[in-house]
Amino acid sequence: MPASRLGPAAQVARRQPPLLPLLLLCVLGAPRGEEITHTAVISPQDPTLLIGSSLQATCSVLGDPPGATADSLYWTLNGRRLPSELSRVLNASTLALALANLNGSRQQSGDNLVCHARDGSILAGSCLYVGLPPEKPFNISCWSKNMKDLTCRWTPGAPGETFLHTNYSLKYKLRWYGQDNTCEEYHTMGPHSCHIPKDLALFTPYEIWVEATNRLGSARSDVLTLDILDVVTTDPPPDVHVSRVGGLEDQLSVRWVSPPALKDFLFQAKYQIRYRVEDSVDWKVVDDVSNQTSCRLAGLKPGTVYFVQVRCNPFGIYGSKKAGIWSEWSHPTAASTPRSERPSPSGGACEPRGGEPSSCPVRRELKQFLGWLKKHAYCSNLSFRLYDQWRAWMQKSHKTRNQDEGILPSGRRGAARGDQVLPDKL
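So, a few notes on the structure that sits alongside this text. (Residues numbered from 1 in each chain as written. Predicted model: local features only at pLDDT ≥ 70, side-chain atom pairs only at ≥ 80, totals over all residues. Heavy atoms only, no water.)

## Concerning the sheet that holds strand S20 (residues 252-255)
- Read from one edge to the other, the open sheet built from three strands follows the order S19-S20-S23, with strand pairing classed as antiparallel. Where the open sheet ends on each side, the last strands, each with one partner, are strand S19 (241-244) and strand S23 (294-297). Going across the sheet, the axis of each strand differs from the next one's by a mean of 20°, ignoring polarity.
- Judged from the four bridges that link them, S19 and S20 form a sheet pairing that is antiparallel. From the neighbouring strand, Ser-243 faces S20, where its bridge partner is Ser-253. (Pairing = 2+ DSSP bridges. Helix = DSSP H or I, 4+ residues; strand = E, 2+ residues; numbered from the N terminus. Axes fitted to C-alpha atoms, helices over the stretch in contact; angles between N-to-C directions.)

Right under this line is the structure:
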């Protein structure tokens, strides 16, 4: 905590060496009588105050312990001695302390305020709680993986600390009847989460909310109403396999298995794929996979390693009209496209050789058509057979041309090219 936010007493106290046994006083919450013989009493005992408040405390010596008069006493806060100008003697047995503009407690279990005798022995101690009341939790989200359980998480209301231990309770009940229930398995999906393992009803809405409580008050979130069937999710699709598509250097085939958790329930599923190149952190997402369990990725870079992931969204469970919740992404699966055997393009221009009829218009139209086919058949139910045949023919054509240009006389090169025809399917 910045020193500029501390009151004068706390700033001075921070410069003193710590005393570990005193710091454990409030942390462990041990009965002081078991470890410390009290010959004085601090008032008020264990106060709770708002940040910015002032504290007036007294340490009164009990009986007549030797060397323990008010003018010989001193105070420490979290093991650091407070300056004497913050104290004043009220009478022979009572020393008063005044602290102004208190900052938040340095530990949620309370700060240690201790009264000492001249020789440093502890006469009495108190836990000082300084903080803020909780604010309303928000952003509650819930999901179910088997339609019998429910896991929820939320965001604490305050953007910063309350400086006090704040307890969060997830409450739920059937919307139109039934009693309030409290979730018991916390921190299952992070610090602000809870898991309800069983005994949930289907086809009936639930009301869910979170209550936050600390020593200065409580706050309650807005109520979330949901039906278990509308928040179903799954584990990521298992057995994701990525493989090459023959010798096509710009494609990869992706196959996976439907998540088994919901195989016994009536539902549909839609999938998403995302992929990236090995040396990049940017993913490209394919949304239009629908309910297939395979997909063809096209337009990839030859000779490149790709990482691929798949996730699932169940919907239409028992006739529910709402979409489910996307699963986590599957573990990345890697595969590489074949290396291209074609020479690198020189700017993309079409430059026919002298004496040869220009094939540029035909090639341009074919390229446009196949571009349209590839776009509209992208991971859909349309067949890739036509496109695959064309790509295989093009690769064979380039290989043949490269060989011909290396061994045939220049007068026969054009004839060799003119003998090549598109496959019948094209």
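## Digging into the sheet that holds strand S21 (residues 268-277)
- Spatial strand order, S22-S21-S24-S25: four strands in an open sheet with antiparallel pairing. Strands at the two margins of the open sheet, each flanked by one partner only, are strand S22 (284-286) and strand S25 (333-336). The sheet shows a mean angle of 30° between the axes of neighbouring strands, taken without regard to direction.
- Pairing between strand S24 (residues 305-315) and S25: four bridges, direction antiparallel. Across the sheet, the residue bridging to Tyr-306 is Ala-335, located in S25.

## Things to note about the packing of aromatic side chains
- All told, the structure shown has four aromatic pairs when counted by the stated rule.
- Arranged with centres 6.3 Å apart and planes meeting at 45°, the rings of Trp-154 and Tyr-168 form a pair that is tilted. Placement of the pair is Trp-154 in strand S11 (residues 150-155) and Tyr-168 in strand S12 (residues 167-174), with a sequence separation of 14 residues.
- Accessibility expressed as a relative area gives 16% for Tyr-168, which makes it buried.
- The aromatic ring of Tyr-74 is capped on one face by Arg-81, whose charged end is 3.7 Å from the ring centroid.
- Here the guanidinium or amino end of Arg-220 rests over the ring plane of Trp-209, the centre of that ring lying 4.4 Å away. (Phe/Tyr/Trp six-rings, centres within 6.5 Å; stacked < 30°, edge-to-face > 60°. Buried < 20%, exposed > 50% of the residue type's maximum accessible area, 1.4 Å probe, protein only. Lys NZ or Arg CZ within 6 Å of the ring centre and 35° of its normal.)

## Regarding the layout of surface pockets
- The calculated volume of the second largest pocket comes to roughly 310 Å³.
- What lines the second largest pocket is a set of 18 residues, among which Trp-143, Lys-145, Met-189, Thr-233 and Glu-328 lie closest to the centre.
- Those elements giving two or more residues to the lining of the second largest pocket turn out to be strand S10 (138-143) and S11.
- Element by element, the count of residues in the lining of the second largest pocket is highest for S10, at three residues.
- Here the residues of the lining of the second largest pocket sort into six nonpolar, seven polar and five charged. (1 Å grid on protein atoms, 1.4 Å probe; cavity = no way out; pocket = protein on both sides within 12 Å on 5 of 7 lines; lining within 4 Å. Points joined across faces, edges and corners; volume = space filled by probe spheres on them. Nonpolar A, V, L, I, M, F, W, Y, C, P; charged D, E, K, R; others polar.)

## Some remarks on the state of the cysteines
- Inspection of every chain in the model, using the stated rule, returns three disulfides.
- Here Cys-142 connects covalently by a disulfide to Cys-152, the sulfurs 2.1 Å from one another. On the sign convention where negative is left-handed, the bridge of Cys-142 and Cys-152, at about 110° about the S-S bond, is right-handed. Of this pair, Cys-142 sits in strand S10 while Cys-152 sits in strand S11, and the two are ten residues apart along the sequence.
- Disulfide pairing places Cys-183 opposite Cys-194 at an S-S distance of 1.9 Å. Handedness of the Cys-183-Cys-194 disulfide follows from its S-S torsion of about -100°: it is left-handed. Of the two residues, Cys-183 is situated in the loop between strand S13 (181-182) and strand S14 (185-186) and Cys-194 in strand S15 (residues 193-196); the sequence distance between them amounts to eleven residues.
- On the accessibility criterion, Cys-194 (0% relative accessible area) is buried. (Disulfide = S-S within 2.5 Å.)

## Quick notes on the pattern of salt bridges
- With the rule as written, the count across this model stands at three salt bridges.
- Here Asp-222 makes a salt bridge to Lys-136, at a shortest N to O gap of 3.2 Å. Note that Asp-222 is positioned in the loop between strand S17 (217-220) and strand S18 (224-226) and Lys-136 in the loop between strand S9 (122-131) and S10, a separation of 86 residues in sequence.
- One salt bridge in this structure joins Lys-145 and Asp-235, with 2.8 Å as the shortest N-O distance. In this pair, Lys-145 is assigned in the loop between S10 and S11 and Asp-235 in the loop between S18 and S19, connecting sequence segments 90 residues apart.
- Residue Lys-145 is classed as partly exposed on the basis of its relative accessible area of 36%.
- By relative accessible area, which is 37% here, Asp-235 ends up partly exposed. (Salt bridge = Lys/Arg side-chain N within 4 Å of Asp/Glu carboxyl O.)

## Some points on the nonpolar core
- Residues Leu-55, Leu-73, Trp-75, Leu-82, Leu-113, Cys-115 and Leu-123 are the most contacted members of the largest nonpolar core, which totals 23 residues.
- Counting residues per element, the ones that place at least two in this core are strand S1 (40-43), strand S3 (55-61), strand S4 (74-77), strand S7 (94-99), strand S8 (111-116) and S9.
- Leu-73 has contacts with Cys-59, Val-61, Ala-68, Leu-95, Cys-115, His-116, Ala-117 and Leu-123, leaving out every residue within four places of it along the chain. (Core = buried A, V, L, I, M, F, W, Y, C linked by side-chain atoms within 4.5 Å. Contact = heavy atoms within 4.5 Å.)

## A word on unusual backbone geometry
- For the bond running from Ser-43 to Pro-44, omega is 0°, close enough to zero to count as cis.
- Mapped onto the elements, Pro-44 comes out in the loop between S1 and strand S2 (48-50).
- The phi angle at Asn-139 is positive, at roughly 60°, despite the residue not being glycine.
- When you line up the elements, Asn-139 lands in strand S10.
- The exposed category is assigned to Asn-139, whose relative accessible area is 53%.
- Residues other than glycine seldom take positive phi values, yet Phe-163 does so here, at roughly 65°.
- Mapped onto the elements, Phe-163 comes out in the loop between S11 and S12.
- According to the relative accessible area criterion, Phe-163 is buried, its value standing at 12%.

So yeah, pure geometry; function would need other evidence.
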